[in-house]
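Chain residues, written in single-letter form:
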Amino acid sequence: MITNTLLALGLAGAALNAGAAVTYTATGGTTSAVAGVTTNTFDDGLLPAGFATYDQPGALIPSPGNPGYAAQPPGDATAFFSVGVSNGQPSSSSVTFGGAGVRYFGYYMGSPDNYNIVTLYSGNTMVLQINGDAMASAASLLANGNQQAGFYLNFFTDSGTTITKVTFSSNQNAFESDNHSYIAAVPEPRTYAMLLTGIGLLGLASRRGHQSNPRFY
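This section reports on the structure supplied with the text. Computed from a predicted structure; not experimentally measured. (Residues numbered from 1 in each chain as written. Predicted model: local features only at pLDDT ≥ 70, side-chain atom pairs only at ≥ 80, totals over all residues. Heavy atoms only, no water.)

Here strand 11 (residues 116-122) runs beside strand 14 (residues 165-170); their pairing, made up of 6 bridges, is antiparallel. Following the sheet pairing, Asn116 is matched in strand 14 by Ser170. Pairing analysis gives 6 bridges linking strand 11 to strand 12 (residues 125-131), with the strands arranged antiparallel. Residue Thr119 lies in a different strand from strand 12, and its bridge partner there is Gln129. Counted along the chain from strand 11 to the antiparallel partner strand 12, the turn is 2 residues long, and its residue Gly123 has a positive phi close to 65°. (Pairing = 2+ DSSP bridges. Helix = DSSP H or I, 4+ residues; strand = E, 2+ residues; numbered from the N terminus.)

The next thing to look at is the environment of Ser122. As for its position among the elements, Ser122 is in strand 11. Taking the relative accessible area as the measure of exposure, Ser122 reaches 23% and is therefore partly exposed. C-alpha separation for the pair Ser122 and Thr161, spaced 39 residues apart in sequence, amounts to 7.1 Å. Ignoring anything within four residues of it in the chain, the contact list for Ser122 reads Val127, Thr161, Thr162 and Thr164. A polar atom in the side chain of Ser122 sits 2.8 Å from the backbone oxygen of Thr162. (Buried < 20%, exposed > 50% of the residue type's maximum accessible area, 1.4 Å probe, protein only. Contact = heavy atoms within 4.5 Å. Polar contact = N/O pair within 3.5 Å; in protein donor to acceptor, adjacent residues only side chain to side chain.)

This part is about unusual backbone geometry. In this model, Ser63 is joined to Pro64 through a cis peptide bond whose omega is 10°. Tracing the sequence through the fold places Pro64 in the loop between strand 5 (60-61) and strand 6 (65-66). Looking along the chain, the bond that leaves Asn173 and enters Ala174 is cis, with omega of -10°. Assignment of secondary structure puts Ala174 in the loop between strand 14 and strand 15 (175-184). Backbone geometry places Asn87, a non-glycine residue, at a positive phi of 55°. One can find Asn87 in the loop between strand 8 (80-83) and strand 9 (92-97). If you check the backbone angles, Ser140 has positive phi at about 60° while not being a glycine. Within the secondary structure layout, Ser140 lies in the loop between helix 1 (132-138) and strand 13 (150-157). Judged by its relative accessible area of 69%, Ser140 is exposed.

Limitation: the analysis is restricted to geometry and does not speak to function.
So, in structure tokens, the structure goes:
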């Protein structure tokens, strides 16, 4: 399932290492606090395809998961995304973005482990790779597999970089995440359609306003 967040929420947290092409922060909550995101919740039991395409159906874990090999991220009792080494999970799975890619990507993460790895690409170039220690550290937590620990990880690009692929990998059980969010570097066609519709409605309202207030000379 894909949802859109259009509320004008501010960016949460300060970016780390401001000189890098991609920076990241950790925030609280199960969803992104960044304005204008599109979110893949996985709640309908399907991996999205289209602008954001996922490559491994086995990475989709139905609720309530299994604490023995794929623990459901805390506070979000729905289907989720997981990579690992047993029970049909792929050890690696990627989401690839169409068009020019995205300028923001984020996900809710549960039970961080040091062997969890996320890798971000711009075209064929790896622009960032971090492990579970770095992810947990951003949230002031330890990567010790605590199944009650959860946080939202946000990745921001600089003005000259876009993210075209994100790969989740884990050589043990497991790397669990949910509510993957992104902002397209160039607005998607449906965003343009919404914008044009809004402009059209504003124009119509303006014309009606002039017609309802005739001037007499």
